[in-house]
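Report on the structure
Letter by letter, the chains look like this.
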Amino acid sequence: MAAAEGSGAGGSLFPGLADVSISQDIPVEGEITVPVGSHSPDEDYSTLDEPVKDTIMRDLKAVGKKFVHVMYPRKSSALLRDWDLWGPLVLCVSLALMLQGGSADSKDDGGPQFAEVFVIIWFGAVVITLNSKLLGGTISFFQSLCVLGYCVMPLTVAMLVCRLVLLAGAGTVSFIIRLIVVGAMFAWSTLASTAFLADSQPPNRKALVVYPIFLFYFVISWMILTFTPQ
Amino acid sequence: MAAAGGGRSGAPAAEWGGFEDNMQGGGSAVIDMENMDDTSGSSFEDMGEMHQRMKEEEEEEAEGEAGAGEEEEDGEFLGMKGLRGQLGRQVADQMWQVGKRQASRAFSLYANIDILRPYFDVEPVQVRARLLESMIPVKMINFPQKIAGELYGPLMLVFTLVAILLHGMKTSDTIIREGTLMGTAIGTCFGYWLGVSSFMYFLAYLCNAQITMVQMLSLLGYGLFGHCITLFVTYNIHFHSLFYIFWLVVGGLSTLRMVAVLVSRTVGHTQRLILCGTLAALHMLFLLYLHFAYHKVVEGILDTLEGPNVPPFQRVARDIPAVSNAVLNTTAKAIALTL
């Protein structure tokens, strides 16, 4: 039995050197323990047993850490290493909600519908990701989506500020304030996402990757700037 | 027995090694553009067929470890037919895993993204050069002109056109129906690029022109550069006469370039006339459409309603056509009076 297990383990570890001297039907079964990473089953059990609050707090901390990374874009790989799409989802939903103008009158929509904003953001992010992969980028699909989604945060802040400014009135002054705020946040978003994404490209093609990101955030900024509540 | 077994276990390993080499060599992501230029892209279709065939072969072999050997032209597996026992099962199991891995890799990579990868293999310098070239008509139409089958530039130009259209809609109309206008803009631009390219490719096929689909997409895409420039300028400066000048000059230049390249790749006067007439008409009319479709929206909507929260820059945009009309009217009257 031990010999069979031993030969089975040897056969799985070195497929090219399978033990060819076995001539009878010995079924090979048993546990094959791989020495690396043997603690992961224990970890799974421990995270299953922990209270829900711990799980939620851990995820919230991870999301919060990424927001901080976006606010101060340094060249760190934490945003890329453990990607998650919670942040982008929350940002996208809040931006779409704020951009919804809303009356039911057919001529007077007031703004893009929720679904339009949602589709534009995600479709745009997918296109940019595909583009950067096709240009030879080393970043994975979801990592890129994660970065682009998190970098929508400055524009969400800009939308909030615009709404507050519009509460005060809609004149030339408010337009200039909104223009400056949205412009600054647009530049911030583009720079933040460039800092993360351009590193994964070959050095002479950075401009090719930055341009679609610029267009993407430009379209979102334009939607924010020209929003007026009804 | 050991030697025979070693031979048999060595042969599948060599077969796997050969398969690896085949995938590596045939699946190389960067393909020289020179080779691609005058073919119809059939090398990709062959590669896809080859991979599909290999994938099917792998799956067949893995399933029928004992009995399917006779169906393959590969003679090495004929020996498996009679082989019962541990070695057979082990080897078949490993083959199945390798085959599954290869097949899933082939599907996820080569069927999806890497087929498009050669079309995006450009440098920024090349893109800039091609953008500028798209406005310069070629003089030599007796020799087939080279078209780079590249998709990055055209795709970015289509997206830029969408953004410019959006900008134009905002400055002319905007706050109303913003969402559906976005969908309209994207649909219009992509529909034009893909639809007219397909239509021209079909006509080129009928007229025996030497052009592939990717080249047609690329040519038409770069031709949109003139449209982008024209619309960007005329959406900000709202003079009709300025638009007509831009339409003729800029639109005309990019159309001439496309027409010249097509003419150089076609033989026969009637065919050349059909192709070039169609392309010129469609291209110029599209620019006209893009300009006027969104001006009418201005005049129509702003006549009927005006909300209290209209941002100031919209008022400026609205007044300019009225100002220009007023100016034209007064000058016309002044000229009539003096005559």
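About the criteria used
Residues numbered from 1 in each chain as written. Chains lettered and ligands numbered in written order. Predicted model: local features only at pLDDT ≥ 70, side-chain atom pairs only at ≥ 80, totals over all residues. Heavy atoms only, no water. Salt bridge = Lys/Arg side-chain N within 4 Å of Asp/Glu carboxyl O. Helix = DSSP H or I, 4+ residues; strand = E, 2+ residues; numbered from the N terminus. Buried < 20%, exposed > 50% of the residue type's maximum accessible area, 1.4 Å probe, protein only. 1 Å grid on protein atoms, 1.4 Å probe; cavity = no way out; pocket = protein on both sides within 12 Å on 5 of 7 lines; lining within 4 Å. Points joined across faces, edges and corners; volume = space filled by probe spheres on them. UniProt positions renumbered as here; feature names shortened; annotations may be inferred. Core = buried A, V, L, I, M, F, W, Y, C linked by side-chain atoms within 4.5 Å. Contact = heavy atoms within 4.5 Å. Expected span 1.5 Å × (residues − 1). Phe/Tyr/Trp six-rings, centres within 6.5 Å; stacked < 30°, edge-to-face > 60°.

**A short note on the pattern of salt bridges**
- All told, the structure shown has 5 salt bridges over all chains when counted by the stated rule.
- Close ionic contact of A:K66 with A:D84 constitutes a salt bridge, the shortest N to O distance being 2.6 Å. Note that A:K66 is positioned in helix α3 (residues 52–71) and A:D84 in the loop between α4 (78–81) and α5 (86–98), a separation of 18 residues in sequence. The same class applies to A:K66 and to A:D84, which are both buried.
- If you follow the salt bridges from partner to partner, you end up with A:R205, B:D121 and B:E123 in one network.

**Some thoughts on empty space enclosed by the protein**
- Using the criterion set out here, one finds 8 cavities of 30 Å³ or more in the structure.
- The calculated volume of the largest cavity comes to roughly 250 Å³.
- As for the largest cavity, its lining consists of 15 residues, of which A:G124, A:L215, A:F216, A:V219 and B:F159 are closest to the centre.
- Within the residue set of the lining of the largest cavity, elements represented by two or more residues are α6 (114–134) and α10 (206–225) of chain A together with α6 (152–172) and α7 (178–206) of chain B.
- By residue number, the principal contributor to the lining of the largest cavity is α6(A), which donates 5 residues.

**Quick notes on the UniProt feature "transmembrane region" (unreviewed entry) in chain B**
Residue and element names in this part refer to chain B.
- Residues annotated by UniProt as "transmembrane region" (unreviewed entry) correspond here to residues 151–169, 181–207, 219–238, 244–264 and 273–294.
- For residues 151–169, the helix share is 95%, the strand share is 0%, and the end-to-end C-alpha distance is 27 Å.
- With 100% helix and 0% strand, residues 244–264 has end C-alpha atoms that lie 29 Å from one another.

**Digging into helix α7 (residues 141–150) of chain A**
- Within α7(A), 8 of the 10 residues are buried, which leaves it mostly tucked inside the rest of the structure.
- Inspection of α7(A) places A:Q143, A:S144, A:L145, A:C146, A:V147, A:L148, A:G149 and A:Y150 among the buried residues, and these make up the whole buried set.

**Comments concerning the nonpolar core**
- Grouped together as the largest cluster of nonpolar side chains are 113 residues, with contacts concentrated most on A:Y217 and B:L275.
- With 13 residues, the top contributor of residues to this core is α6(B).
- When sequence neighbours within four positions are dropped, the list of residues in contact with B:L275 reads B:M200, B:L203, B:A204, B:C207, B:A209, B:L262 and B:T266.

**Comments concerning helix α8 (residues 153–168) of chain A**
Residues and elements named next belong to chain A.
- For α8, spanning 16 residues, the distance from its first C-alpha to its last is 23 Å, which sits close to the expected 22 Å at 1.5 Å a residue.
- Of all the positions in α8, only M153, P154, L155, T156, A158, M159, C162, V165 and L166 are classed as buried.
- Of the surrounding elements, those touching the buried residues of α8 are α3, α5, α7, α9 (172–197) and α10.
- Phi for G169, located one or two positions after α8, is positive at around 145°.

**A closer look at the environment of A:A96**
All names here are of chain A.
- As for its placement among the helices and strands, A96 is situated in helix α5.
- Given a relative accessible area of 0%, A96 falls into the buried group.
- Residues A96 and I121, spaced 25 residues apart in sequence, show a C-alpha to C-alpha distance of 9.5 Å.
- Among all residues touching A96, those that are not within four sequence positions of it are F114 and V117.

**Here we look at the packing of aromatic side chains**
Residues and elements named next belong to chain A.
- Applying the stated rule across the entire model yields 18 aromatic pairs over all chains.
- Considering the side-chain rings of F67 and Y150, the 5.4 Å spacing of their centres and the 75° angle between planes classify their relative orientation as edge-to-face. Note that F67 is positioned in helix α3 and Y150 in helix α7, a separation of 83 residues in sequence.
- Look at F216 and Y217: their rings are 5.2 Å apart centre to centre, the planes differ by 50°, and that puts the pair in the tilted class. The same class applies to F216 and to Y217, which are both buried.
- Taken together, the ring pairs in this structure connect F186, Y211, F214, F218 and W222 into an aromatic cluster.

**Focus on the UniProt feature "transmembrane region" (unreviewed entry) in chain A**
- Taking the UniProt record as the reference, the feature "transmembrane region" (unreviewed entry) is found at residues 83–102, 114–135, 147–169, 175–197 and 209–228 of chain A.
- Within the segment residues 147–169 of chain A, helix and strand shares are 87% and 0% respectively, and the terminal C-alpha atoms sit 35 Å apart.

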